[in-house]
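What the coordinates show
Residues per chain, in single letters:
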Amino acid sequence: VTGDPRLHRLLTQGFRCETCKDQHIGIFDVAFSSPMHWTGSTEKRTDEEVHAALAIGRDILTNNFCLDGEHRFIRCIIPFKIHDSEETFAFGVWGSLSTQNFQHHLDDFFSPAETLMRPVFSWLSNRLPESEDRSYKCRLHFRPRPDRLVLEIGEEDHPFYSAQTQGLSVQRLLEGYTLTGHSLRDASDEH
Ligand SMILES: [Zn+2]
């Protein structure tokens, strides 16, 4: 085994989480249930209900879409390679879309034909650990189904900007877990 022994432990026996009390085995993604300014219920409606909500101007949160007043969001991921491994970690986040791009993507989502939009502008609409409490400029990359859409942070001062190309150390991964509510406490004692 090469690299950080805590990674090997996480991938095999795992760590007991002091926060959610789960035994976490393997890399797990950290997902935000809604865009950061969403104040409605976090209980998800079905994706099919978005059409009706859009037609009458009602706010809605589903697994893949969110309408909040004038704002439109879709679910996507920001993936990171983990150093010295073949593993990938991802934040599950929400990215904003213009009205026009949202409609285009919504049509594609429910169309049987596989079309792929070109990358578009998006605001990262969740606060990642250690980042400022604001939206960050991003590019949203559409992916063939069933792959998840990928958000690329476009501002260099975001704390996870360089990790998009350089990957995450196991130390940083574990810190990220702690800061998002998963204390893998004995991970710091493990050598
Ligand atoms: Zn946990």
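Quick note: structure is the one above.
**Description of the coordination of the zinc ion**
Taken together, the protein ligands of the zinc ion are Cys 17 (SG), Cys 20 (SG), His 24 (NE2) and His 182 (ND1), with distances of 2.1 to 2.4 Å. Classification of the site at the zinc ion rests on its 4 donor atoms, whose angles at the metal span 99 to 123°, yielding the label tetrahedral. Binding-site remark: the zinc ion is held by donors from one chain whose sequence spacing is C-x2-C-x3-H-x157-H. Looking at Cys 17, the relative accessible area reads 1%, which means it is buried. The class of Cys 20 is partly exposed, set by a relative accessible area of 33%.

**Description of the pairing of strand β6 (residues 71-81)**
Sheet topology places strand β5 (residues 65-68) next to β6; 4 bridges connect them, and they run antiparallel. Within β6, the position partnered with Cys 66 by the bridge is Phe 73. In terms of strand pairing, β6 meets strand β7 (residues 88-97) through 10 bridges, oriented antiparallel. Paired with Pro 79 across the bridge in β7 is Ala 90. Joining the antiparallel neighbours β6 and β7 is a turn of 6 residues, in which Asp 84 adopts a positive phi near 60°.

**Description of the packing of aromatic side chains**
Under the defined criterion, the tally for this structure stands at 12 aromatic pairs. For the ring pair Phe 65 and Phe 110, a centre distance of 6.5 Å and an interplane angle of 25° mean the geometry is stacked. A residue pair is termed long-range when its members are at least 10 positions apart, and Phe 65 in strand β5 and Phe 110 in the loop between α3 (99-109) and β8 (120-124) qualify at 45 residues. For the cation-ring pair, Arg 134 lies above Tyr 136, with the distance from its terminal atom to the ring centre recorded as 3.9 Å.

Analysis parameters
Residues numbered from 1 in each chain as written. Predicted model: local features only at pLDDT ≥ 70, side-chain atom pairs only at ≥ 80, totals over all residues. Heavy atoms only, no water. Donors = N, O, S within 2.8 Å, 3.2 Å for Na, K, Ca; no water. Tetrahedral: all angles 85-135°; square planar, octahedral: opposite > 155°, others 65-115°. Buried < 20%, exposed > 50% of the residue type's maximum accessible area, 1.4 Å probe, protein only. Pairing = 2+ DSSP bridges. Helix = DSSP H or I, 4+ residues; strand = E, 2+ residues; numbered from the N terminus. Phe/Tyr/Trp six-rings, centres within 6.5 Å; stacked < 30°, edge-to-face > 60°. Lys NZ or Arg CZ within 6 Å of the ring centre and 35° of its normal.

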